[in-house]
Amino acid sequence: MAKEIKKIAVFTSGGDSPGMNAGIRSVVRACAYLKIECVGIYRGYQGMIEGDFAPMDARSVNNIINKGGTILKSARCEEFRTAEGRKKAHDQLVNAGIDAFVVIGGNGSFTGALLFNEEYNFPVMGMPGTIDNDILGTTYTIGFDTAINTVVEAIDKIRDTASSHNRLFFVEVMGRDVGHIALNSGVGAGAEEILIPEQNLGLERLLESLKRSKKSGKSSSIVIVAEGDKTGKNVFELKEYVEEHLPIYDVRVSVLGHMQRGGNPTCFDRVLASRMGVKAVESLLEGKSNYMVGIRDNNLILTPIAEAIKAHTDIDEELIRVSDIMTT
Ligand code: ATP
């Protein structure tokens, strides 16, 4: 029979995302409500190995639902990739009387949790916290909505200056492997072209589109470029390429960078994280383990972590079509 769960740990791991604090708060408060002890682990798996733990009660998470980042800090930890590192982590958890953990993070963090469970039969539950929205088993990850709103706000501002000077802007957004941020924020901000890792439309199409745009009398043009786009050129090289082939354009570049990870989470992300945290704790207490909490059709669902880490989510083809139509 599985051991009764009396103490649950929560931590954030990998790249941070807005809404992680709301997720921590939810796990802590759900534990308090259900009279389960809760422990926060600082700096992800690194803190687990070092025993960097702090008891958390309902009042430890006051006034954090609105804050970006993570009060528990996040880290990447090479040592946890080794069996010795995971053994140290297990010893620390056992010493602290911790019976299960909830990890808020991305694919890498879940892979670590899965291995840990396999080795020690330790109950684990995942909550998807990443701005990339690339995790199978959920329509939305915690932080994605905030990130696309941050990007749209930034592009709106860039658009103001772009149209004042009739300029073309290449705006680089996050997304090495997936183009969800680029596609969604591009449609939301009315970008002329969106270059994503999932598609290589070729540089010819970009030039044609920009020529058309100029002819049709547009006063400004915004091209969103995901970090991992497939043109083979970065934003600065794209600027040079377009200036060389279409000298009518005055081109500027803006790399949004880490601002996309920060900021107060949107209401959507706060609600999502609150719902997922409760589901994670309740599922552990029901004896479930090795799942990631996700959302589909506004219902919370559980997906085996082994499934969730298999691949990235596919790009939304319908949204690509809408984007094409909108740039006519
Ligand atoms: P992001 O969305 O930012 O990529 P992530 O959770 O995927 O988030 P990673 O850096 O890939 O971020 O992983 C976070 C941590 O999880 C790693 O630093 C490591 O400690 C642990 N981890 C990742 N992959 C493995 C693995 N194969 N085995 C054991 N632990 C792992």
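Here the structure is a predicted model, which is why all the values come from computation and not from measurement.

S.K.: What's the story with a negative patch on the surface in this structure? I'm lost.
M.R.: A cluster of acidic residues, D177, E198, D314, D316, E317 and E318, forms a negative patch on the protein surface. By the element assignment, D316 lies in the loop between α10 (305–308) and α11 (317–326). Given a relative accessible area of 37%, D316 falls into the partly exposed group.

S.K.: What should I look at first to understand the site of the ligand in this one?
M.R.: The full set close to the ligand counts 17 residues, and G15, R76, C77, G108 and S109 are the nearest of them. A distance of 2.5 Å separates an oxygen atom of the ligand from a polar atom in the side chain of R76. Contact between the ligand and T130: an oxygen atom at 3.5 Å from a side-chain N or O atom of the residue. Contact with the protein chains removes 83% of the 620 Å² of surface that the ligand exposes when unbound. Cavity membership is defined here by more than half of the atoms lying within 2 Å of grid points; on that basis the ligand lies in the largest pocket. Examining the composition of the shell around the ligand, we find that six residues originate from one element, helix α4 (residues 107–120), more than from any other. A breakdown of the residues in the shell around the ligand according to their chemical character gives four nonpolar, ten polar and three charged.

S.K.: Would you mind showing me how to read the packing of aromatic side chains here?
M.R.: The way to describe two aromatic rings as a pair is by their centre distance and the angle between their planes. For the coordinates displayed, the defined rule picks out nine aromatic pairs. Look at F116 and Y120: their rings are 5.3 Å apart centre to centre, the planes differ by 50 degrees, and that puts the pair in the tilted class. Taken together, the positions of F116 and Y120, both in helix α4 and four residues apart, correspond to about one turn of that helix. With a relative accessible area of 0%, F116 lands in the buried category.

S.K.: Honestly, the sheet that holds strand β4 (residues 100–105) in this entry has me stumped. Any pointers?
M.R.: Pairing between sheet strands relies on hydrogen bonds along the backbone, with the strands arranged either parallel or antiparallel. Strands sit in the order β3-β2-β1-β4-β5-β10-β11 across an open sheet of seven strands; the sheet is mixed. Pairing within the sheet leaves two strands with one partner each, and these edge strands are β3 (53–56) and β11 (299–304). Taken over all neighbouring pairs, the strand axes of this sheet differ in orientation by 30 degrees on average, direction set aside. Two elements, strand β1 (residues 7–12) and strand β2 (residues 37–41), share four bridges in a ladder whose sense is parallel. Looking at β2, one finds that K7 is bridged to E37. α4 contacts β4, β5 (124–128) and β10 (291–296) of the sheet and is inclined by roughly 160 degrees relative to β4. The strands that helix α9 (residues 267–285) touches are β1, β4, β5, β10 and β11; relative to β5, the one it contacts most, it runs at about 170 degrees.

S.K.: Teacher, can you tell me more about empty space enclosed by the protein here?
M.R.: By rolling a water-sized probe across the atoms, one finds the places where empty space is left. The tally for this structure, following the rule as stated, stands at three cavities of 30 Å³ or more. By volume, the largest cavity amounts to about 80 Å³. If you trace the largest cavity, you find it lined by L183, E192, E193, I194, I196, Q199, L201, R205, I320, S323, D324 and T327. Sorting the residues of the lining of the largest cavity by element identifies β7 (193–195) and α11 as the ones contributing at least two each. Considering every element that reaches the lining of the largest cavity, the biggest residue donor is α11, with three residues. Here the residues of the lining of the largest cavity sort into five nonpolar, three polar and four charged. Approximately 50 Å³ is the volume found for the second largest cavity. Taken together, E193, L195, I196, Q199, N200, L201, G202, R205, L206, D229, K230 and T231 make up the full set of residues lining the second largest cavity.

Conventions used here
- Residues numbered from 1 in each chain as written.
- Predicted model: local features only at pLDDT ≥ 70, side-chain atom pairs only at ≥ 80, totals over all residues.
- Heavy atoms only, no water.
- Patch = residues over 30% accessible without salt bridge, like charges linked within 9 Å, V, L, I, M, F, W, Y side chains within 5 Å.
- Areas by Shrake-Rupley, 256 points an atom, 1.4 Å probe, with all protein chains shown as cover.
- Salt bridge = Lys/Arg side-chain N within 4 Å of Asp/Glu carboxyl O.
- Lys, Arg positive; Asp, Glu negative; His and termini not counted.
- Charge placed at Lys NZ, Arg CZ, Asp CG, Glu CD.
- Helix = DSSP H or I, 4+ residues; strand = E, 2+ residues; numbered from the N terminus.
- Buried < 20%, exposed > 50% of the residue type's maximum accessible area, 1.4 Å probe, protein only.
- Near = heavy atom within 4 Å.
- Polar contact = N/O pair within 3.5 Å; in protein donor to acceptor, adjacent residues only side chain to side chain.
- 1 Å grid on protein atoms, 1.4 Å probe; cavity = no way out; pocket = protein on both sides within 12 Å on 5 of 7 lines; lining within 4 Å.
- Sits in = over half its atoms within 2 Å of the grid points.
- Nonpolar A, V, L, I, M, F, W, Y, C, P; charged D, E, K, R; others polar.
- Phe/Tyr/Trp six-rings, centres within 6.5 Å; stacked < 30°, edge-to-face > 60°.
- Pairing = 2+ DSSP bridges.
- Axes fitted to C-alpha atoms, helices over the stretch in contact; angles between N-to-C directions.
- Contact = heavy atoms within 4.5 Å.
- Points joined across faces, edges and corners; volume = space filled by probe spheres on them.

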